[in-house]
Amino acid sequence: MKTFKKTLSIALSIIMSAMLFGCSSQEDTVCIDIDALSGELLEKAEFEDELSPIDDTMIKKLYNIEDYVKAKVYISSGATAEEIAVFEFDGTQAAKAGLDNAEIRIQERRIDFESYIPKEVKKLDNAIANRFGKYVIVCVSNGNKAEKIITQYISKQNEE
Amino acid sequence: MQQNGRYNRIGATRCKKRKKYTSYLLVLFAVFAAATSITVWATKSLAMAKGETSSNSASESGTEQADNPESSATESKNDGNSDVDNTYDYSKPVPESDKVENSYFDDAVFIGDSRTEGFILYSGLSNAISYTSQGLMVDTVFTKPVINKNGKKISVMEALRETDFSKVYIMFGINETGWPYSSVFIEKYGEIIDEIKAINPDAIIYVQEILPVTDKVSQSHSYVKNEKINEFNALIRQMAEEKKVYYIDTGKAVAGADGSLPEDAASDGIHLKQPYCLKWLEYLKTHTVTNTER
């Protein structure tokens, strides 16, 4: 009886570990071309303003993120809260921290725009800020096309 | 006894010689001290005479032209501000000068609203310090906690007190065009200048004129109008002259022939797109006041 219980415990532990490993592996297999996805969002999502890219030094200042591997960020002229940011990190832990910083930025922008251009707050409330494995995607746009664009992109990547 | 006598004579002679050399040294020292004192007195007198002369000529002519930016900001101690140059014509915008590199802005702070915020982001001037915020105005620059310093949000002026800088670029006014009294606007603007001078009396302070908006916005917006912007700019220019700070007619960098912002310059007619921010940067780089005496 004792032996049986011991064997059962070990077997269950192995099975649960395998399940966890399987989940993380699946997540880690998401592979995003930063330039391609940000370009698709820029082209197909709805924006009122013309967004322009900013360089790495500005990205680091804006998002308070230093440890990304690669990033593409497009910002508005100041007329709107619209923005696109796609980050690649070297692992999920770094990506989680990056996502936290992105969410802080969205919250701060919300406070700024509340008193400046209140109609932009809705875009910030509906902003996309998600992590996919080691990638973080942020999109503040007018409308809800961004989610579909990202979903289609990732589905296509998974099929390849 | 004889030997003692001889020694006494030798000692006496040596003593006399020592006294002679000592007196020579004392005389030399006295001459040297006198010469030094005369030189110092003469130098001081000359410096005072020069200071009086330049002060007199500035008050007589009223508007002495300074064509050479190199001579535009030399030290003068006449009014208590060590950086007021009484040969520079503060009533006129900063003249065109040799183009500086981006590194010129290494020790610069940009203070302003969303337009300046966009300028910093789009121009890539990451080496400059940017104390900007959407909707920031000449009064809230003292009170609104918008700058993150050491994990805490503080006002722009509080942040400036904790910052090392040598130059300040200021642009305010677009958000204040809706204020009922222009006098209140310019009074508050003046307080900003006074505070910056108190924080850093040696800083070069540039006040930039408010950039125009598109004609479409000027015609349709309830209060943002180019006529009002022009009125504010005239007040800012007058204030710059009174406060002896440098006025930059930045609007010339981006305005069209009619003085408005071209329609393609800004999606909303107010906030400049990247190409126009780069024109703005180019203008600042060719309109600087250098002071090699600093």
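Residues numbered from 1 in each chain as written. Chains lettered and ligands numbered in written order. Predicted model: local features only at pLDDT ≥ 70, side-chain atom pairs only at ≥ 80, totals over all residues. Heavy atoms only, no water.

Here we come to the overall build of chain A. Looking only at helices and strands, chain A features six helices and five strands. Written out in order from the N terminus, the α and β elements of chain A read α-α-β-α-β-β-α-α-β-β-α. When the 160 residues of chain A are sorted by exposure, 43% land in the buried category. Within chain A, counting contacts between residues at least 6 apart in sequence, those at least 24 apart form 65% of the total. (Helix = DSSP H or I, 4+ residues; strand = E, 2+ residues; numbered from the N terminus. Buried < 20%, exposed > 50% of the residue type's maximum accessible area, 1.4 Å probe, protein only. Contact = heavy atoms within 4.5 Å.)

This paragraph deals with the interface of chain A and chain B. Contact residues are listed per partner, giving 22 residues for chain A and 22 residues for chain B. Here chain A and chain B share an interface that buries about 1,700 Å² over both sides, 52% of which is from carbon and sulfur atoms. Summed over the shared surface of chain A and chain B, the result is one salt bridge. The closest approach of N and O atoms between glutamate 50 of chain A and lysine 273 of chain B, which form a salt bridge, is 3.0 Å. Seen at the junction of chain A and chain B, the total is 10 residue pairs in polar contact (both at pLDDT 80 or more). The biggest single contributor to the side of chain A that touches chain B is helix H4 (residues 92–116) of chain A, with six residues. Grouping the constituent residues of the side of chain A that touches chain B by class yields nine nonpolar, six polar and seven charged. (Buried area = accessible area lost by both parts, 1.4 Å probe. Salt bridge = Lys/Arg side-chain N within 4 Å of Asp/Glu carboxyl O. Polar contact = N/O pair within 3.5 Å; in protein donor to acceptor, adjacent residues only side chain to side chain. Nonpolar A, V, L, I, M, F, W, Y, C, P; charged D, E, K, R; others polar.)

Next up on the list: the confidence of the model for chain A. When the pLDDT values of chain A are averaged, the result is 88; 87% of them are 70 or greater. The low-confidence segment residues 20–26 of chain A, where pLDDT is below 50, has zero contacts with residues more than four positions distant or belonging to other chains. (pLDDT = per-residue confidence, 0-100.)

Residue and element names in this part refer to chain A. Among the secondary structure elements, glutamate 120 is positioned in the loop between H4 and helix H5 (121–125). The exposure class assigned to glutamate 120 is buried, which follows from its relative accessible area of 0%. Filtering out sequence-adjacent residues up to four positions away, glutamate 120 remains in contact with Glu48, Thr80, Ala81, Glu82 and Phe113.

This part takes up the packing of helix H2 (residues 114–123) of chain B against helix H8 (residues 274–285) of chain B. All names here are of chain B. Packing of H2 against H8 leaves a shortest axis separation of 9 Å and a crossing angle of 90°. Viewed along their axes, H2 and H8 adopt a mutual orientation that is roughly perpendicular. Residues Arg115, Thr116, Gly118, Phe119, Tyr122 and Ser123 of H2 form the contact with H8, whose participating residues are Gln274, Cys277, Leu278, Trp280, Leu281 and Leu284. (Axes fitted to C-alpha atoms, helices over the stretch in contact; angles between N-to-C directions. Parallel < 35°, antiparallel > 145°, perpendicular 65-115°, else oblique.)

Turning our attention to the sheet that holds strand S2 (residues 70–75) of chain A. Through backbone hydrogen bonds, the strands of a sheet pair up, either in parallel or in antiparallel fashion. Taken in spatial order, the five strands make up an open sheet running S1-S2-S3-S5-S4 (chain A), and their pairing is antiparallel. What marks the edges here is a single partner per strand, and that holds for strand S1 (52–53) and strand S4 (128–132) of chain A. (Pairing = 2+ DSSP bridges.)

Residue and element names in this part refer to chain B. Confidence in the prediction for chain B averages 83 pLDDT; 77% of positions are at 70 or higher. Confidence over residues 49–82 falls short of pLDDT 50; this stretch has 55 contacts with residues more than four positions distant or in other chains. Scored as a whole, the predicted complex attains pTM 0.75, and scored at its interfaces, ipTM 0.78.

Residues and elements named next belong to chain B. Along the chain, isoleucine 174 falls in the loop between strand S5 (167–171) and helix H5 (182–199). Relative accessible area serves as the criterion here: at 5%, isoleucine 174 is assigned to the buried category. Remark: the alpha-carbon pair of isoleucine 174 and proline 262, spanning 88 residues in sequence, is separated by 17 Å. Once residues lying within four places of it in the same chain are set aside, the contact partners of isoleucine 174 are Asp113, Arg115, Ile210, Val213, Tyr223, Val224, Ile229 and Ile270.

There is a patch of nonpolar side chains on the surface, built from Met1, Phe4 and Leu8 of chain A and spanning about 370 Å² of accessible area. Within the secondary structure, phenylalanine 4 of chain A sits in helix H1 (residues 2–28). (Patch = residues over 30% accessible without salt bridge, like charges linked within 9 Å, V, L, I, M, F, W, Y side chains within 5 Å. Areas by Shrake-Rupley, 256 points an atom, 1.4 Å probe, with all protein chains shown as cover.)

Moving on, we come to helix H2 (residues 34–44) of chain A. One turn of an α-helix holds 3.6 residues; hence residues three or four places apart share an orientation. Residues and elements named next belong to chain A. All buried positions along H2 are accounted for by Ile34, Leu37, Ser38, Glu40 and Leu41. Each buried residue of H2 lies within a common arc of 155° when the element is viewed along its axis, so the set occupies one face. Packing partners of the buried residues in H2 comprise S2, strand S3 (83–88), strand S5 (135–140) and helix H6 (145–159). Between a side-chain oxygen at the N-terminus of H2 and the backbone nitrogen of aspartate 35 the separation is 3.1 Å; the capping residue is aspartate 33. (Arc of directions from axis to C-beta.)

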